[in-house]
Amino acid sequence: WFMKALVTKDKLPIKKVSPIFVLVLDNVEGKSQLEVQLSSVKDHWLIYCDGEMEGMHFTTTQLIGRNPKKNLEALEEFKKFTQKKGLVPENLAILEQMDKCEPKSE
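Quick notes on the rules
Residues numbered from 1 in each chain as written. Predicted model: local features only at pLDDT ≥ 70, side-chain atom pairs only at ≥ 80, totals over all residues. Heavy atoms only, no water. Helix = DSSP H or I, 4+ residues; strand = E, 2+ residues; numbered from the N terminus. Contact = heavy atoms within 4.5 Å. Phe/Tyr/Trp six-rings, centres within 6.5 Å; stacked < 30°, edge-to-face > 60°. Lys NZ or Arg CZ within 6 Å of the ring centre and 35° of its normal. Core = buried A, V, L, I, M, F, W, Y, C linked by side-chain atoms within 4.5 Å. Buried < 20%, exposed > 50% of the residue type's maximum accessible area, 1.4 Å probe, protein only. Salt bridge = Lys/Arg side-chain N within 4 Å of Asp/Glu carboxyl O. Polar contact = N/O pair within 3.5 Å; in protein donor to acceptor, adjacent residues only side chain to side chain.

(A) Main features of the side chain of Thr60. Inspection of the secondary structure puts Thr60 in strand β5 (residues 56–65). When residues no more than four places from it in sequence are discounted, the contact partners of Thr60 are Leu6, Val7, Thr8, Ile47, Tyr48, Cys49 and Leu87.

Shown next, in the form of structure tokens:
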């Protein structure tokens, strides 16, 4: 799966993202609300997450798809979903896709 777009409560300096794998674990510390909604566009999902990790609060929406190519129809639906969740589309980041996970350079 590929994260195609991301909106956060505050702007983040994220420009690239690797393919993702979602795994739900039991007994994970922190508190979070996760909502996953099937998009009307084939092979796309809309995700809302509001939570706390290591004392930091975060709120995001994400557009996830099987294909890394941009899909304008899915993006428009994602923008509406984001607004309904109370986030501003001005913080929208269209992410560059990487072929694989790359180690963080220092």
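(B) Quick look at the packing of aromatic side chains. Considering all chains together, one arrives at zero aromatic pairs under this definition. Above the plane of the ring of Tyr48 lies Lys85, whose end atom (NZ or CZ) is 5.2 Å from the centre.

(C) Main features of the nonpolar core. With eleven residues, the main nonpolar core is built from Ala5, Val7, Val41, Leu46, Tyr48, Leu63, Ala74, Leu75, Phe78, Phe81 and Leu87. A per-element tally of this core places helix α1 (residues 72–84) first, with four residues. Among the nonpolar cores identified, the runner-up in size contains six residues, and Leu6, Ile47, Ile64 and Leu95 belong to it.

(D) Quick look at the pattern of salt bridges. In the structure shown here, the tally under the stated rule is three salt bridges. With a closest N to O distance of 2.7 Å, Lys85 and Glu35 form a salt bridge. Taken together, the residues Lys85 in the loop between α1 and β6 (93–94) and Glu35 in strand β3 (residues 31–38) connect sequence positions 50 residues apart. One salt bridge in this structure joins Lys79 and Glu76, with 3.5 Å as the shortest N-O distance.

(E) Spatial organisation of the environment of Asn67. Summarising the element assignment, Asn67 is placed in the loop between β5 and α1. Linking Asn67 and Met3, residues 64 residues apart in sequence, is a C-alpha distance of 9.5 Å. Sequence-distant contacts of Asn67, defined by excluding residues within four places in its chain, comprise Phe2 and Lys4. Within polar-contact distance, the side chain of Asn67 engages the backbone nitrogen of Lys69 at 2.8 Å.

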